[in-house]
Amino acid sequence: AQSVAQPEDQVNVAEGNPLTVKCTYSVSGNPYLFWYVQYPNRGLQFLLKYITGDNLVKGSYGFEAEFNKSQTSFHLKKPSALVSDSALYFCAVRRGGSARQLTFGSGTQLTVLP
Amino acid sequence: GAGVSQSPSNKVTEKGKDVELRCDPISGHTALYWYRQSLGQGLEFLIYFQGNSAPDKSGLPSDRFSAERTGGSVSTLTIQRTQQEDSAVYLCASSSQQGAPLSYEQYFGPGTRLTVT
């Protein structure tokens, strides 16, 4: 079985400050890891992924995430937060190989304060 | 280009009625997924179609739920005898499972908000 934990339901950060949204995972075999963002009354929008290669991956809108195998983590980061980054963020994992569906974390509501 | 589309965007139905939700994936994407998003359960996988292979139905919560994908493109999720606990946002996603390198990420539609009264 695979699982994802997002330990913080809510993260508040001031505009211009760095932000981190935490994610840890559990999966057998090599993990494929993803971050998605959801704005109100919208579907999920893909931000970035880790499949293999460099542990630091860069994605849309200046976001990046660092894969840490020993800590089984995949935290989402951005050096300077914008008010428009305020949204619901989901971390997801799937097992490499034949299993395709994503297992999602419970989501973290990010609020960037002006 | 066009993304994943879903219809209707909102559906209100009475308990016990059947509903059909439609998903039109990105053109050329061979994989199609249905998920359900609800306050109590978060995002749950329901069913997965890949090409002409038998679908993975392991996430369907009961036999009242079924889905089909016609011609390898459009998919319909059917819920029979709806219950209040079926109220949720139903999300469809598609991904490309062909080409090199594979993209792996899934692209989501805007969802159908189902309310069972």
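Every chain is numbered on its own, with residues counted from 1 as its sequence reads. Here the convention is simple: chains get letters from A, ligands get numbers from 1, in the order in which they are written. Two thresholds apply to this predicted model, a pLDDT of at least 70 for residue-level local features and 80 or more for giving and counting side-chain atom pairs, whereas whole-chain, interface and lining totals are computed over all residues. To get the side-chain values, all heavy atoms of the structure are used, and hydrogens and water are removed first.

## Remarks on the overall build of chain B
(1) Moving on: Within chain B, the regular secondary structure consists of 0 helices and 10 strands.
(2) Moving on: Secondary structure counts use DSSP, requiring at least four H or I residues in a row for a helix and at least two E residues in a row for a strand, with both numbered from the N terminus. Reading the helices (α) and strands (β) of chain B from amino to carboxyl end gives β-β-β-β-β-β-β-β-β-β.
(3) Moving on: A compact globule built from 117 residues should have a C-alpha radius of gyration of about 13 Å, and chain B, at 14 Å, falls within 12% of that.
(4) Moving on: The principal-axis extent of the C-alpha atoms belonging to chain B is close to 45 × 30 × 25 Å.
(5) Moving on: A simple rule labels every residue: compare its accessible area, found with a 1.4 Å probe on the protein chains alone, to the largest value its type can have, and call it buried under 20%, exposed over 50%, or partly exposed in between. Within chain B, the proportion of its 117 residues that are buried is 49%.
(6) Moving on: Partitioning the intrachain contacts of chain B with sequence separation of at least 6 by distance along the chain shows that 56% fall at a separation of at least 24.
(7) Moving on: For chain B, the exposed area adds up to about 5,700 Å²; of that, 45% sits on carbon and sulfur atoms.
(8) Moving on: Taking the average location of the 10 positive side-chain charges in chain B and that of its 11 negative ones, the two points are 4 Å from each other. All radius of gyration figures rest on C-alpha atoms, and the globule criterion is 2.2 Å times the number of residues raised to 0.38. Two residues qualify as a contact provided that any one of their heavy atoms is within 4.5 Å of a heavy atom in the partner residue. Each accessible area value is a Shrake-Rupley result obtained with a 1.4 Å probe; residue values ignore everything except the protein chains displayed when judging cover. The charge count treats Lys and Arg as positive and Asp and Glu as negative. His and the chain ends do not count. Positions of charges follow a simple convention, taking NZ of Lys, CZ of Arg, CG of Asp or CD of Glu.

## Comments concerning the interface of chain A and chain B
In many reports, interface size means the accessible area that the parts give up when they come together.
(1) Moving on: In this complex, chain A contributes 17 residues to the contact, which on the side of chain B involves 19 residues.
(2) Moving on: Here's the idea: put two parts together, see how much 1.4 Å probe accessible area each one loses, and the total over both is what we call buried area. Carbon and sulfur atoms make up 57% of the surface buried where chain A meets chain B, a total of about 1,600 Å² over both sides.
(3) Moving on: Salt bridge, as used here: a side-chain nitrogen of Lys or Arg that lies within 4 Å of a carboxyl oxygen of Asp or Glu. Between chain A and chain B we count 1 salt bridge in total.
(4) Moving on: Put simply, Glu105(B) and Lys49(A) hold a salt bridge, and the shortest N to O gap is 2.7 Å.
(5) Moving on: Any pair of N or O atoms that falls within 3.5 Å is considered a polar contact. Within protein, one atom must be able to donate a hydrogen and the other to accept it, and sequence-neighbouring residues count only if both atoms are side-chain atoms. For the interface between chain A and chain B, the tally reads 6 residue pairs in polar contact (both at pLDDT 80 or more).
(6) Moving on: If you list the elements that add at least two residues to the side of chain A that touches chain B, you get β5 (31–38), β6 (44–50) and β10 (87–95) of chain A.

## Brief notes about the pattern of salt bridges
All names here are of chain B.
(1) Moving on: Here the structure, examined in full by the defined rule, presents 6 salt bridges over all chains.
(2) Moving on: Residue Asp86 is joined to Arg64 by a salt bridge in which the shortest nitrogen-to-oxygen separation is 2.8 Å. Placement of Asp86 in the loop between β7 (75–79) and β8 (88–95) and of Arg64 in the loop between β5 (42–50) and β6 (65–69) is noted, with a sequence separation of 22 residues between them. You'll find Asp86 and Arg64 in the same group, each marked buried.

## Points about the state of the cysteines
All names here are of chain B.
(1) Moving on: In this description, a disulfide is simply a cysteine sulfur pair whose atoms lie within 2.5 Å. Under the defined criterion, the tally for this structure stands at 2 disulfides over all chains.
(2) Moving on: Across the disulfide from Cys23 sits Cys92; the S-S distance is 1.8 Å. Judged by the torsion about the S-S bond (-65 degrees), the Cys23/Cys92 disulfide is left-handed. In this pair, Cys23 is assigned in strand β3 (residues 19–24) and Cys92 in strand β8, connecting sequence segments 69 residues apart.

## Brief notes about unusual backbone geometry
(1) Moving on: In this structure, the amide linkage connecting Ser7(B) to the following residue, Pro8(B), adopts the cis form with an omega of -10 degrees.
(2) Moving on: Mapped onto the fold, Pro8(B) is located in the loop between β1 (5–7) and β2 (10–13).
(3) Moving on: Although it is not a glycine, Thr72(A) sits at a positive phi angle of roughly 45 degrees.
(4) Moving on: Mapped onto the elements of the fold, Thr72(A) is located in the loop between β8 (64–68) and β9 (73–78).
(5) Moving on: Overall, Thr72(A) belongs to the partly exposed group, its relative accessible area being 31%.

## Comments concerning the pairing of β7(B)
All names here are of chain B.
(1) Moving on: Burial analysis of β7 places 5 of its 5 residues in the buried class, which makes it a mostly covered element.
(2) Moving on: Two strands are said to pair when DSSP picks up at least two bridges between them. Pairing of β3 with β7 involves 5 bridges; the strand directions are antiparallel. Looking at the pairing, Leu21 lines up with Leu77 of β7.
(3) Moving on: Pairing of β6 with β7 involves 5 bridges; the strand directions are antiparallel.

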